[in-house]
Structures are given as C-alpha cells and as structure tokens.
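# Understanding the architecture of this molecule
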Amino acid sequence: MPDTTNRDETKLERARILSEALPFMQRYDKRTVVVKYGGHAMGDETLGAEFARDIVMLKQAGLNPIVVHGGGPQIGAMLTRLGIKSEFSGGLRITDRATVEIVEMVLAGSINKQIVAQLNQAGGRAVGLCGKDGNLIVARKVQHKVHDPESNIEKLLDLGFVGEPDRINPEILQVIQKSDIIPVIAPIGVSENGETYNINADTVAGAIAAAMGATRLLLLTDVSGVLDKQGKLMEVLTVGQAKALMKDGTISGGMIPKLETCIESVEGGVEAVVILDGRVRHAVLLELFTEHGAGTLIQN
C-alpha cells in the first residue's frame, strides 16, 4: 500500500499555516499597506512573479496594497545604451533635461507597465501611475548641501531635475482604494510650473504611506534589515533608537536615507515601517501574515 503518512502531514502543515494567518488577515483587513519594490527582487524573473502573486493575495485577503517602484539600474542601462553620459558632482548624478526624459520613459513607461502586467497575469487588476497622474506628487527641487573641507563652508549642489515631494494629493488613490484595482506608482513628480522631477522611490513611498494613513510601509532592499555593530539583525527599533544608531555611527552609508524615510513616515502617522530583504521568497507575506516577520520594524 502507498505510504500516505507524509502526504497527510504535509496537508496538515499547510492547513496549520493558513489557519495561523487568520488573525493577521483580520488585523490588516481594509488597511492600507505601501510596498516599495526594487533592488534584486525586481530584476529576478522568478522573484518578480512571486512578488506579483503575493501582492494580489494581499488584495484578495482584504488589504489595500499600493506598490511604489524604483529602477536605478534600468535607468543607468538605458542611458548607456543611448550614449548619454551622466555628470556627477560630489558623488551624485546630475539629472539634466535629457536625462530626466529618459528617467521618465524608463520609470513611468517600461518598468511600470512590466510590473502592472505581472500583477494582471497573477490574477489581479493593476493600473500604472506616476506623480503627474491626478497631480499625485507635487514636487520641489532638491536642495543638496555638501561640506567643502577646503573652505570649511557648506556649498549648494545643483543636481538638476532631482526632486522631493512637496505635497501628496491622494484623491486618485482614495478612489482606486474603493475598487479591486492595485495602483503601481513610478517615482516621478511634477512641480507647480510643470517641470518633471525624478524622486527617490523610498522617499515617494514614505510620503504616500503618510498621506494615505497606511498601517505599514514595507521597504524591500538587498539586505536582511538593520544590523548592529556585530552584524546581527535588529528586529525591532523605536524611532529614538534609530536616531541614536545613526548618531553613533552604527548605521551608515545607504542605510541612513532609508532609516530617515522610516522615521519621517512614522512621525507622519504610519503605524510602523519595515525594512526587509526582497531577495527572500514571499518576504511580504512572511512579514504581514506570520508572527516572526522578515526584517527590521521601526515604530514609535
């Protein structure tokens, strides 16, 4: 006779996992969750397909997911392909008029529609937006200051068409939220006088999460989360602890702007922000529907 013991145990384990997810589904029912999608996960076909299925599952489970995406590597590849050389100042890319046209084409065009197509293929109904749609993201020019060691004074760098959110007009997202549609947002903003600005995707995700009163903001990255000086994952941080870790040098480099986004989002009304590893399969579901989580949670 065939051995059905292992098969039955597998079925029971799957049922147990689904059952344990129930209280988390109830907790997030009809709540808004903003997911910033980027990094390695966005460039991996298998992870991309799984991410799309997970976002569609959130919608089916009664949550209101909003996806905000980046696309730095794809922008760089397109600029190289077109022979457009980027200028840098203080280690930062200068986004001139020719470059911002390519940025908009890549972010609001090819990448945005690729993600929309993946979500639709997974059984969802997605629509692509950028900050120009419904005047969603009104932007202002970034004022970036650097310290000049020779003169010992701060200088203002002109980064061109690089912006930051001045205000979010969430009406279009509030209308979409009442439907079964999943919005996918490219981080392109528009100024009061109609200029196009490229905006950091983490910053856009944080601003939208605050404007929508999101319960969670999930920042998918290429690291496991925030690490202490011994390289160990810190699973929970308060805003105060996060500020202290940046001040004492425990957190440095590219993690600093991410944590600044987390702090601003929480102080802006988001219940909690999670920095999690997008390379982990089903990281979004693990974070929202299990008690273990999948990264570092920052809260008040």
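Below you will find a few notes about this structure. (Residues numbered from 1 in each chain as written. Predicted model: local features only at pLDDT ≥ 70, side-chain atom pairs only at ≥ 80, totals over all residues. Heavy atoms only, no water.)

## So, the side chain of His69
Structurally, His69 is set in strand β2 (residues 64-69). Judged by relative accessible area, which is 0%, His69 ranks as buried. Of note is the side chain of His69, whose polar atom sits 3.2 Å from the side chain of Asn112. Apart from the residues within four sequence positions on either side, His69 is in contact with Tyr37, Met42, Leu107, Ile111, Asn112, Ile115, Val184, Ile185, Ala186, Pro187 and Ala201. (Helix = DSSP H or I, 4+ residues; strand = E, 2+ residues; numbered from the N terminus. Buried < 20%, exposed > 50% of the residue type's maximum accessible area, 1.4 Å probe, protein only. Polar contact = N/O pair within 3.5 Å; in protein donor to acceptor, adjacent residues only side chain to side chain. Contact = heavy atoms within 4.5 Å.)

## Structural notes on helix α9 (residues 255-267)
Spanning 13 residues, α9 covers 18 Å between terminal C-alpha atoms, matching the ideal 18 Å at 1.5 Å per step. For α9, the set of buried residues is Met255, Lys258, Leu259, Thr261, Cys262, Ile263, Ser265 and Val266. Lining the buried residues of α9 we find β1 (32-37), α7 (201-211), β13 (216-221), α8 (239-247), β15 (272-277) and β16 (295-299). Of the residues one or two after α9, Gly269 is the one with positive phi, at around 115°. (Expected span 1.5 Å × (residues − 1).)

## Remarks on the packing of aromatic side chains
Working definition: an aromatic ring pair is given by the centre-to-centre distance plus the angle between the planes. Here the structure, examined in full by the defined rule, presents two aromatic pairs. Summarising the aromatic geometry, the rings of Tyr37 and Phe51 are spaced 3.8 Å apart at their centres and angled 5° between planes, so their arrangement reads as stacked. Here Tyr37 is found in strand β1, whereas its partner Phe51 is found in helix α3 (residues 45-60), with 14 residues between them in sequence. Aromatic side chains Phe161 and Tyr197 sit 6.0 Å apart centroid to centroid with 45° between the ring planes, which places their arrangement in the tilted category. Residue Phe161 is found in the loop between β8 (153-157) and β9 (162-168), and its partner Tyr197 is found in strand β12 (residues 196-199); the two are separated by 36 residues along the sequence. (Phe/Tyr/Trp six-rings, centres within 6.5 Å; stacked < 30°, edge-to-face > 60°.)

## Digging into the pairing of β1
Most of β1 is tucked away, with six of its six residues classed as buried. Relative to β2, β1 runs parallel, the two being bridged by six bridges. Bridge pairing links Val33 to Pro65 in β2. Taken together, the four bridges between β1 and β13 define a ladder with parallel strand orientation. Paired with Val34 across the two strands is Leu217, which belongs to β13. (Pairing = 2+ DSSP bridges.)

## A word on the pattern of salt bridges
A complete count under the given rule lists 14 salt bridges for this structure. For the salt bridge of Lys141 with Asp158, the shortest nitrogen-to-oxygen distance reads 2.9 Å. One end of the pair, Lys141, is in strand β6 (residues 137-141); the other, Asp158, is in the loop between β8 and β9, with 17 residues separating them in the sequence. A relative accessible area of 29% means that Lys141 is categorised as partly exposed. A salt bridge links Arg167 to Glu192; its shortest N-O distance comes to 2.6 Å. On the criterion of sequence distance, the pair formed by Arg167 in strand β9 and Glu192 in the loop between β11 (188-190) and β12 is long-range, its members being 25 residues apart. One network of salt bridges, in which partners are shared, links Lys36, Asp202 and Lys258. (Salt bridge = Lys/Arg side-chain N within 4 Å of Asp/Glu carboxyl O.)

Take it as geometry only, folks, not as evidence of what the structure does.
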